[in-house]
Amino acid sequence: MRIGDYNPQSSIKRGPVDDIDLNEQQLVRRQKLAELQASGNDPYVRRLPWERTHTAAAAIAAYTDGKLAADQQVALVGRLMTVRIMGKASFAHIEDGSARIQIYVKRDVVGEALYDELFKKMIDLGDFVMVRGTMFTTRTGEVSCEVRELALISKTLNPLPDKWHGLRDIETRYRQRYVDLLANPDVRQIFITRARIVTAIRRYLDDNGFLEVETPVLQPIYGGAAARPFVTHHNQLDQDLFLRISFELYLKRLLVGGYERVYEIGRDFRNEGISFKHNPEFTQLEWYEAYTDYNGVMRRVEELLAAVAQELGRGTTITYNGNAIDLAPPWRRITMRDAIREATGIDYQAHPDAASLAEAMRAIGHHPEPGSSRGKLIDSLFGTHVEPKLIQPTFITDYPVEISPLAKKKADDPTTVERFEYFIGGLEMGNAFTELNDPIDQRARFVELRDAVAGADENVHPLDEDFLNSLSFGMPPTGGFGTGIDRLTMLFADQQSIREVILFPHLRTA
RNA sequence: GGGCGCGUAGCUCAAUUGGCAGAGCAGCGGCCUUUUAAGCCGCGGGUUUAGGGUUCGAUUCCCUACGCGCUCACCA
């Protein structure tokens, strides 16, 4: 059947074709595909017809820099993104991984067969093509390629989103991220930024003597954070396993083993609510450094973010959510007690029990969950009154011991631990301790936590006896740190939702 | 899980008080050899997320389901 015989209006009363409902535009493209194949042309070539000489960006640069001889041909590949057909000549843009470049196709030059039968009749927006031709500058000054030869190298069967507006529908953008990426260059840029952030982090840590390691994702006992886990099962061992919620307890074992500086970048899984800053799986960086404490970690965090900003070609000032943020060290350091006192007038040290603190909170119009522990109350006070205001980089230091079971207590205050979290743009970015390395205290803290949780009618979680055993072999004084790569990307890419910085964010099955 | 909002053509969006479901892009046919959101002429394309209800009549009002967003809760 010739394409000219095909009348899309007559045959599109939606019927299953290969079990797929096709719309008019999809049918037209399949018809073209069939005709190409019938005439002996492979719409999905195995090899390029010519050797690719340049990326689009390289061709433009080579021409602009005068590095191409007068009649020198370039061979380019790319996806056809726009077309302007003016009778016997056409302009179009093709896009490869480097850039978009205009091509100029003239019937006089490429011949009638290529121009009328292939280019005009068979090639659609979205198709991958290869062109060979010479570079020139148009009347309006755009560096372009005048095509001498042209080939279709991969056919696209679905129409592309609007060439001007791109793809906007949020649900479709996430469910079909490939369409989002091909239609929206700014989205592609976000994930380039993300990769560069990870590169900068690795470089910084590698340059500072840290060893990158990999620890188990499947863990028989989970720990290192308070989240609920995902559970899975090993068939042969007939054993339930948990997807890790943190790397902490395994990385510390490595400090016991004698590595002084280790880090891991990988996925954590937490079976909790989904929000603009929470995805069930997210990427975490944790590092542990022997012979330092949380003050040393703070200095490194300042250095690390400066290194990331530099890798991204930024100065120390970035914009997030409309706020100018100055990353230049030193960042503000303030204790949690002072930060809460500053924001609310409440000094929680003056309220040594939960009931008294809850009373003080109610006095300022805060309605805490009944039955909350003192640590939870402090956390709630902080989250409501302090956290949203922490736009400039800030270290909040010295947390209540009840909510920090893995951190070392302050020498002069057993109710408080050497811990900090850092905040930028109102987002909690990371968490660090002077690590608890006293195995007796560690066991006591675990037991306390277990009993508290058991009281809240949750499943009782066994102690990680092997971790405690490792501490009993001696862990050096250590400073440890964890930070979310996703949230760092949100910050540097100026994105307000974690889903915008995760390629395939979790959605309910449609 | 609770509350609020949204779901219209392949894409981006309209549709007045409940009264013929539209536009631009994309597609198809035609004209057009420096355009760039090309232009001009013509044509086709809809189970208005799904199911039910009210009504002479439902994209519009009501109920249910599904999905998404915001928010609250949860997340030491």
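This text goes with the structure placed above it.
Cut-off values and rules
Residues numbered from 1 in each chain as written. Chains lettered and ligands numbered in written order. Predicted model: local features only at pLDDT ≥ 70, side-chain atom pairs only at ≥ 80, totals over all residues. Heavy atoms only, no water. Helix = DSSP H or I, 4+ residues; strand = E, 2+ residues; numbered from the N terminus. Buried < 20%, exposed > 50% of the residue type's maximum accessible area, 1.4 Å probe, protein only. Salt bridge = Lys/Arg side-chain N within 4 Å of Asp/Glu carboxyl O. Axes fitted to C-alpha atoms, helices over the stretch in contact; angles between N-to-C directions. Parallel < 35°, antiparallel > 145°, perpendicular 65-115°, else oblique. Left-handed = near helix turned anticlockwise from the far one by under 90°. Contact = heavy atoms within 4.5 Å. Nonpolar A, V, L, I, M, F, W, Y, C, P; charged D, E, K, R; others polar. Pairing = 2+ DSSP bridges. Expected span 1.5 Å × (residues − 1). Phe/Tyr/Trp six-rings, centres within 6.5 Å; stacked < 30°, edge-to-face > 60°. Lys NZ or Arg CZ within 6 Å of the ring centre and 35° of its normal. Core = buried A, V, L, I, M, F, W, Y, C linked by side-chain atoms within 4.5 Å. Near = heavy atom within 4 Å. Polar contact = N/O pair within 3.5 Å; in protein donor to acceptor, adjacent residues only side chain to side chain.

Engineer: I'd like a description of unusual backbone geometry, backed by residues and values.
Structural biologist: With glycine set apart, most residues show a phi of negative sign, and most peptide bonds adopt trans. At the junction of proline 329 and proline 330, the peptide bond is cis and its omega measures out at 0° in the coordinates. Topologically, proline 330 is positioned in the loop between β15 (323-326) and β16 (332-335). In this structure, tyrosine 291 takes a positive phi of about 70° despite not being glycine. Looking at the secondary structure, you find tyrosine 291 in the loop between β13 (281-290) and α9 (294-311). A positive phi is found at aspartate 494, a non-glycine position, where the angle reads about 55°. Aspartate 494 sits in the partly exposed class, given a relative accessible area of 29%.

Engineer: I'd like a description of the pattern of salt bridges, backed by residues and values.
Structural biologist: Summed over all chains, the structure comprises 42 salt bridges. For glutamate 387, the salt bridge goes to lysine 277, with nearest N and O atoms at 3.7 Å. Of this pair, glutamate 387 sits in the loop between α12 (374-385) and β17 (394-400) while lysine 277 sits in the loop between β12 (261-269) and β13, and the two are 110 residues apart along the sequence. Arginine 419 is the salt-bridge partner of glutamate 421, the closest N and O atoms lying 3.0 Å from each other.

Engineer: Tell me about the packing of helix α10 (residues 336-344) against α12, residues and numbers included.
Structural biologist: Direction vectors running N to C along α10 and α12 enclose 55°, while the axes themselves pass 10 Å from each other. Considering their axes alone, α10 and α12 lie oblique with respect to each other. The way α10 lies across α12 gives a crossing that is left-handed. Counting all contacts with α10, which are made through Met336, Ile340, Ala343 and Thr344, the residues of α12 involved are Ile378, Leu381, Phe382 and His385. Classifying every residue of the contact of α10 with α12 gives six nonpolar, two polar and no charged.

Engineer: Which residues make up the sheet that holds strand β6 (residues 128-137), and what values go with them?
Structural biologist: The strand order β3-β4-β5-β7-β6 describes a closed barrel built from five strands, whose pairing is mixed. Pairs of neighbouring strands in the sheet enclose a mean axial angle of 55°, with direction left out of account. Strand direction decides the pairing type here: strand β5 (residues 100-106) and strand β7 (residues 143-154), joined by four bridges, are parallel. Bridged to tyrosine 104 within β7 is glutamate 146. Its contacts with the sheet put helix α4 (residues 112-120) on β3 (73-86), β4 (89-95), β5 and β7, and the angle it makes with β7 is roughly 60°.

Engineer: I'd like to hear about α9, residue by residue, with values.
Structural biologist: Counted at 1.5 Å a residue, the expected span for α9 with its 18 residues is 26 Å, and the 25 Å between its end C-alpha atoms agrees. Where α9 is concerned, the buried positions are Tyr294, Gly296, Val297, Met298, Arg300, Val301, Glu302, Leu304, Leu305, Val308 and Ala309. Immediately beyond the C-terminal end of α9, within one or two residues, lies glycine 313, with a positive phi of roughly 75°.

Engineer: Explain the sheet that holds strand β10 (residues 231-234) residue by residue, including any values.
Structural biologist: Read across the sheet, three strands follow the order β9-β11-β10 without closing on themselves; strand pairing throughout is antiparallel. Every other strand in the sheet has two partners, leaving β9 (218-219) and β10 as the edge strands with one partner each. Relative to strand β11 (residues 239-243), β10 is paired through four bridges, and the arrangement is antiparallel. In the strand pairing of β11, histidine 234 is matched with glutamine 239.

Engineer: Provide a residue-level description of the packing of aromatic side chains, including the pertinent values.
Structural biologist: A complete count under the given rule lists 13 aromatic pairs for this structure. Above the plane of the ring of tyrosine 250 lies arginine 253, whose end atom (NZ or CZ) is 4.5 Å from the centre. Residue placement shows arginine 419 over the ring face of tyrosine 399; its charged tip is 4.5 Å from the ring centre.

Engineer: Mind laying out α4, listing which residues take part and the relevant values?
Structural biologist: Listing the buried residues of α4 in full gives Tyr115, Asp116, Leu118 and Phe119. The elements touched by buried residues of α4 are α1 (24-38), β3, β4, β5, α3 (107-110) and β7.

Engineer: I'd like to hear about the packing of helix α8 (residues 248-256) against helix α14 (residues 465-472), residue by residue, with values.
Structural biologist: Look at α8 against α14: their axes get within 9 Å of each other, and the N-to-C directions meet at 25°. One way to sum up the angle between α8 and α14 is to call them roughly parallel. Between α8 and α14 lies a crossing of left-handed hand. Between α8, through Leu249, Lys252, Arg253 and Val256, and α14, the contact on the second element is made entirely by Asp466, Phe467, Ser470 and Leu471. Here the residues of the contact of α8 with α14 are counted per class, giving four nonpolar, one polar and three charged.

Engineer: Summarise the nonpolar core; cite the residues concerned and give the values.
Structural biologist: If you look at the biggest cluster of nonpolar residues, it comprises 45 residues, and the most contacted ones within it are Ile201, Leu285, Trp287, Leu305, Phe420, Tyr422 and Phe492. For this core, the element with the highest residue contribution is helix α7 (residues 185-207), accounting for nine residues. In contact with phenylalanine 492, not counting residues within four places along its chain, are Ile197, Leu305, Val308, Ala309, Leu312, Arg314, Ile318 and Leu327.

Engineer: Give a description of the protein's contact with RNA strand B that names residues and reports values.
Structural biologist: Neighbouring RNA strand B are 57 residues, the closest being Asp108, Thr140, Lys163, Glu171 and Arg508. In RNA strand B, the atoms that sit within 4 Å of the protein are 59% sugar and phosphate, with bases accounting for the remainder. Take aspartate 162: an N or O atom from its side chain is 2.8 Å from a base nitrogen of RNA strand B. Residue glutamate 272 places a side-chain N or O atom 3.4 Å away from a sugar or linking oxygen belonging to RNA strand B. Elements represented by at least two residues in the surface near RNA strand B include exactly α1, β3, β4, β5, α5 (170-175) and α12. By residue number, the principal contributor to the surface near RNA strand B is α1, which donates four residues.

Engineer: Give a description of the environment of proline 49 that names residues and reports values.
Structural biologist: Structurally, the position occupied by proline 49 is in the loop between α1 and α2 (56-64). On the accessibility criterion, proline 49 (39% relative accessible area) is partly exposed. When the C-alpha atoms of proline 49 and alanine 358 are compared, they prove to be 75 Å apart, with 309 residues separating the residues in sequence. Other than its neighbours up to four places away in sequence, proline 49 contacts Met130, Ala151 and Ile153.

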